[in-house]
Amino acid sequence: MKNLIKRVYFKFIEFLFPKYITCCFCNEELQEKGLICEKCLKRLPFIKSGCKKCGCEVVSGDYCVRCKNVKFYFDGALSVCDYDNFVKNIIYKYKNGDKYLYEPISFLIEQKIRSGGKDIDLLAFVPITARVLKKRGYNQSALIADYLSKQLNLPCHKAFIKVKESSFQKNITAANRQKNVKGVFLLKEKDKVKGKNVLIIDDIITTGSTLSECAKVFKSGGAKNVWCCTFSAVKAEIAFDKSY
Ligand SMILES: [Zn+2]
Ligand SMILES: [Zn+2]
């Protein structure tokens, strides 16, 4: 993981982002033009040892407690960092008006994908309903996927939509989350998905039920493998707590 931090830091100095003179995460003036200051980079809880299935930080072994018991439809998930208060605040700001945060977040996800060694043919993102899109003005996961599509030179499948509103996932138990997302997504243009290795992008993985449902839909549409990559992953022990 040290390598990832080094690569991110190296790239952030090497590639200039002239429009930013302050850090995207803390607003401190940047010594070098870039996206994120060194302090914030050190403060990010990068995942050192991710669960082989869902990507959340594991203390020991290959799988987290959640993945020992739950079956997910995706083949594996990667995540940049753990979910602490610092990350929680970044995601909150990103979903609530600070649209520019797609850039540092996408940049960090890009490094994770590049070091993840997954064979990817097609990108996709977790869609939101037209109502939420109208209210928020943007889909946070779509912005990331668009950035990655350009950087990684991969097509992005946009004919994947959310047709039904699910109840607010945060307030329901993990067991009910799976039921809550059932049938809310619709995959169109299946011919573009058939036989492809798909990578689905989202900002956060909590219980994994949303991404699993998305993966299920892509698999039923003929996708070969479905991987996921998120900015943050809530630890299994915490994700099952109702407060998340
Ligand atoms: Zn900073
Ligand atoms: Zn896991």
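Residues numbered from 1 in each chain as written. Chains lettered and ligands numbered in written order. Predicted model: local features only at pLDDT ≥ 70, side-chain atom pairs only at ≥ 80, totals over all residues. Heavy atoms only, no water.

Participant: Can you explain the coordination of the zinc ion (ligand 2)? Please cite residues and give values.
Facilitator: Within the protein, the atoms that donate to the zinc ion (ligand 2) are Cys51 (SG), Cys54 (SG), Cys64 (SG) and Cys67 (SG), at distances of 2.3 to 2.4 Å. Relative to the metal, the 4 donor atoms surrounding the zinc ion (ligand 2) lie at angles of 105 to 118°, and the coordination shape comes out tetrahedral. Of note, the zinc ion (ligand 2) draws all its donor residues from one chain, in the sequence arrangement C-x2-C-x9-C-x2-C. With relative accessibility at 4%, the residue Cys64 sits in the buried group. For Cys67, a relative accessible area of 14% gives the class buried. (Donors = N, O, S within 2.8 Å, 3.2 Å for Na, K, Ca; no water. Tetrahedral: all angles 85-135°; square planar, octahedral: opposite > 155°, others 65-115°. Buried < 20%, exposed > 50% of the residue type's maximum accessible area, 1.4 Å probe, protein only.)

Participant: I'd love a proper account of helix α7 (residues 140–152), names of residues and values included.
Facilitator: An ideal rise of 1.5 Å per residue puts 18 Å on 13 residues; α7 measures up with 18 Å between its terminal C-alpha atoms. Restricting attention to buried positions, one finds in α7 the residues Gln140, Ser141, Ala142, Leu143, Ile144, Ala145, Tyr147, Leu148, Ser149 and Leu152. In this fold, the buried residues of α7 make contact with α4 (85–95), α5 (102–116), β2 (122–125), α6 (130–136) and β5 (197–205). Two residues or fewer past α7, Asn153 is found with a positive phi of approximately 55°. (Helix = DSSP H or I, 4+ residues; strand = E, 2+ residues; numbered from the N terminus. Expected span 1.5 Å × (residues − 1). Contact = heavy atoms within 4.5 Å.)

Participant: Outline the coordination of the zinc ion (ligand 1), supporting the account with residue identities and numerical values.
Facilitator: Summarising the metal site, the zinc ion (ligand 1) is bound by the protein donors Cys23 (SG), Cys26 (SG), Cys37 (SG) and Cys40 (SG), whose distances to it range over 2.3 Å. Geometry at the zinc ion (ligand 1) is tetrahedral, judged from the 4 donor atoms that bind it and their angles of 106 to 114° at the metal. Binding-site remark: the zinc ion (ligand 1) is held by donors from one chain whose sequence spacing is C-x2-C-x10-C-x2-C. Of this pair, Cys26 sits in the loop between α1 (2–14) and α2 (38–43) while Cys37 sits in the loop between α1 and α2, and the two are 11 residues apart along the sequence. Accessibility expressed as a relative area gives 28% for Cys26, which makes it partly exposed. Exposure remark for Cys37: the relative accessible area of 10% places this residue in the buried category.

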